[in-house]
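# Examining the three-dimensional arrangement
Here's the letter readout for the chains.
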Amino acid sequence: ERELLREALCCTGNGVFATRGAAPEATAEEGVHYPGTYFAGGYNRAVSVVAGNKVENEDLVNLPNWLPLSFKPEGGDWLDLRHHKILMFAQELDIKEGTVVRRFRVQDSAARITTIVEQRIVSLKKSNLALLHWTITPENWSGPLHIRTMIDASVRNEGVLRYKGLSNKHLRVVRKGLVTHLPSRPSILHGCDEHPAFCEHHHLQGLTLSDCVLDDSELAVDQQQDLRISLEDAADAKAAGADGVNKNELRTSAEKAVKNSHEKAPHHPAEVPMHARCPACESNGVWLLVQTTQSRVEVACALCTRLVATSNRQLRFVTPRIEQTDETIGQLFTVDVEAGRPIDVHKLVALVTSRDKAISEASIDAQHAINRDCDNFRELLVVHQRMWQNIWGRISIKVKLNPGLRGEKLFEASDELTPEKRVNLILRYHTFELHQVGTWHMLGRDASIPARGLSGEAYRGHIFWDEMFIAPFFRHVAARASSAAHEARPFVGPSRIRVQCWMACERACAD
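Quick look at the structure, then. This one's a predicted model, so the numbers in the text were calculated from it and none came from an experiment. (Residues numbered from 1 in each chain as written. Predicted model: local features only at pLDDT ≥ 70, side-chain atom pairs only at ≥ 80, totals over all residues. Heavy atoms only, no water.)

With that settled, consider the overall build of the protein. Along its length, the protein carries 10 helices and 19 strands. Expressed as a percentage of its 511 residues, the buried residues of the protein come to 51%. Within the protein, contacts between residues separated by at least 24 positions form 70% of all contacts whose residues are at least 6 apart in sequence. Counting every atom, the protein has about 25,000 Å² of accessible surface; 52% of that belongs to carbon and sulfur. (Helix = DSSP H or I, 4+ residues; strand = E, 2+ residues; numbered from the N terminus. Buried < 20%, exposed > 50% of the residue type's maximum accessible area, 1.4 Å probe, protein only. Contact = heavy atoms within 4.5 Å. Areas by Shrake-Rupley, 256 points an atom, 1.4 Å probe, with all protein chains shown as cover.)

What follows is the structure, given as structure tokens:
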């Protein structure tokens, strides 16, 4: 009944973007769940018709949902806490280390019991990364396990009931594709028997130029041309009906062309031997690019999923299958599991916007971010937790209460907390919340601190004068965060004054 409150309380962020504490296996459902991710300064205007009049509102945009992660045993149903029997459930926000933790045991309709332990962070070290970790332990069953991970751009701004009748569609999907090791020049593509054509980033056409990526980042221009000619000749031969030409032969032809071009070209000590790879087989994940409908801000979300056996054994799993609709993209893994032997699922997400500094293009830089850190999950988690511990070493607040204080609900003892511990916990939680929206990552950004933070859409994410009350605290414990909030004033101040003057004129005319 209070799931929406828990999601808001367990929101985690780093000043650049924040994600509500919604369950990864859940979808948006009125009054129950509302996944939401918001980035500082991510606004969009939309026109609604109210009582026959056109009304324009500006909202903090709910970005693509990067959380979706679920599983099911072979022949079973996807994880859904509404339909599974819950044997144990616990959720906590570790404000000391900036981590959301869930632990639960469920039993499906076939009496299969599974334990899941979840950890989630929005990285304080790298402002565009978030991590989600599941440990899945089948307790009384073995067999194939299906794991699905997705990016969902079908989200709407539906978090506030009183805005329900207004326009809530703020995003449109631009394109999506597979995360690959992007070369400095367009890649040359060849066939793959396992996966059909799939490459939306390079937009290449042709029989052999649309299936899989051949990494040629170190290949000279003349070598690329030699290989392209060889591939196109093979394609022409097949199109003409030549016998015995298939994708394997095309691949062999491509590899021979690479070898010949290497023998012709001068040797470079730093040259990397080329190797063919299929992006669907060995890619680092998937990505999706959206754009706000009015402000034209592009937001790219890229994800990488890794399956790791916690015990000393080799995982056997089928090559992930790409699943996509018009507004979603994801991967479906199938892995053999054994009773009592857990497996780890690491999900790393990069969120890059067109307003970020020193980027080429949002989707390209999101893929680069994934490629840099796709195998550094543990390191990112440990560094994030240590940074939060260092913050608490500077800003920890402890209050001692006068024993004579009585009568206020704030000072009432609970089953687990004394009045003094309760007050200190509340103060520390609010301090934690301030650091979700005010960090050094805000420096140089056209963004400040919304009235309700980045945990939801109340007040439409608008910025008022809240940083004036927050500034004295930040000035003492986080000078860079204070500077970042004040730097945003020259951007938003004049426009706010113009809006206030316009509203005053409207009221005067109405009177």
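What follows is about the packing of helix α6 (residues 377–395) against helix α7 (residues 419–437). Packing of α6 against α7 leaves a shortest axis separation of 12 Å and a crossing angle of 120°. When the interaxial angle is binned, α6 and α7 end up oblique. In this structure, α6 meets α7 at a crossing whose hand is right-handed. Together, W388, I391, W392 and I395 of α6 and R428, T431, F432, H435 and Q436 of α7 make up the contact between the two elements. Split into classes, the residues belonging to the contact of α6 with α7 amount to five nonpolar, three polar and one charged. (Axes fitted to C-alpha atoms, helices over the stretch in contact; angles between N-to-C directions. Parallel < 35°, antiparallel > 145°, perpendicular 65-115°, else oblique. Left-handed = near helix turned anticlockwise from the far one by under 90°. Nonpolar A, V, L, I, M, F, W, Y, C, P; charged D, E, K, R; others polar.)

This brings us to the environment of I151. Mapped onto the fold, I151 is located in strand β11 (residues 143–152). Taking the C-alpha atoms as reference, I151 lies 8.5 Å from E327; in sequence the two are 176 residues apart. If near-sequence neighbours (up to four positions away) are discounted, I151 is found in contact with P64, N65, V286, W287, L288, C301, A302, L303, E327, T328 and I329.

Turning to the sheet that holds strand β15 (residues 285–292), a few remarks are in order. Strand order in the open sheet formed by eight strands is β7-β8-β9-β10-β19-β16-β15-β12, and the pairing between neighbours is antiparallel. Looking at which strands have only one partner, the edges of the open sheet turn out to be β7 (85–94) and β12 (171–179). Between one strand axis and the next, the sheet turns through 15° on average, direction left out of account. Here eight bridges tie strand β8 (residues 99–107) to strand β9 (residues 113–122), and the two strands are oriented antiparallel to one another. Bridge assignment links V106 to a residue of β9, and that residue is T114. (Pairing = 2+ DSSP bridges.)

With eight of its eight residues buried, β15 lies for the most part within the structure. Both faces of β15 are covered, namely the face carrying G285, W287, L289 and Q291 and the face carrying V286, L288, V290 and T292. Across eight bridges, the pairing between β12 and β15 is antiparallel. Bridge pairing links L171 to T292 in β15.

A separate point is unusual backbone geometry. The phi dihedral of R296 is positive, around 60°, even though this residue is not glycine. Position of R296 relative to the elements: it lies in the loop between β15 and β16 (298–309). Given the relative accessible area of 48%, R296 is considered partly exposed. A positive phi angle, close to 55°, is found at A358, a residue other than glycine.

Once that is clear, we can look at the packing of aromatic side chains. All told, the structure shown has four aromatic pairs when counted by the stated rule. Summarising the aromatic geometry, the rings of F89 and F104 are spaced 6.0 Å apart at their centres and angled 35° between planes, so their arrangement reads as tilted. Of the two residues, F89 sits in strand β7 while F104 sits in strand β8, which places them 15 residues apart along the sequence. With 4.8 Å between their ring centres and 35° between their planes, W388 and F432 make a pair best called tilted. Linking W388 in helix α6 with F432 in helix α7, this pair joins segments that are 44 residues apart in sequence. Note on accessibility: W388 and F432 belong to one class, buried. Grouping aromatic residues by their ring pairs yields a cluster made of W388, W392 and F432. Over the aromatic face of W78 sits the side chain of R148, whose NZ or CZ is 4.1 Å from the ring centroid. (Phe/Tyr/Trp six-rings, centres within 6.5 Å; stacked < 30°, edge-to-face > 60°. Lys NZ or Arg CZ within 6 Å of the ring centre and 35° of its normal.)

Turning our attention to the sheet that holds strand β2 (residues 17–19). Here we have three strands laid out as an open sheet, ordered β1-β2-β3, and antiparallel in their pairing. The open sheet has two edge strands with one neighbour each: β1 (12–13) and β3 (37–39).

Core analysis: the biggest nonpolar cluster contains 44 residues, and F17, W66, F71, W134, I136, L145 and I147 have the highest contact counts within it. In this structure, W66 is in contact with F17, T19, T37, R120, A130, L131, L132, M150, C301, K347 and V349, ignoring residues within four places of it in sequence. In this structure, L129, L289, A362 and A366 belong to the second largest nonpolar core, which totals 20 residues. (Core = buried A, V, L, I, M, F, W, Y, C linked by side-chain atoms within 4.5 Å.)

For the rest of this paragraph, the subject is the state of the cysteines. For the structure on display, the rule yields zero disulfides. No disulfide involves C10; its sulfur sits 9.2 Å from the nearest other cysteine sulfur, which is in C11. For C10, a relative accessible area of 9% corresponds to the buried category. Left without a disulfide partner, C304 is nearest to the cysteine sulfur of C374, which lies 4.7 Å away. (Disulfide = S-S within 2.5 Å.)

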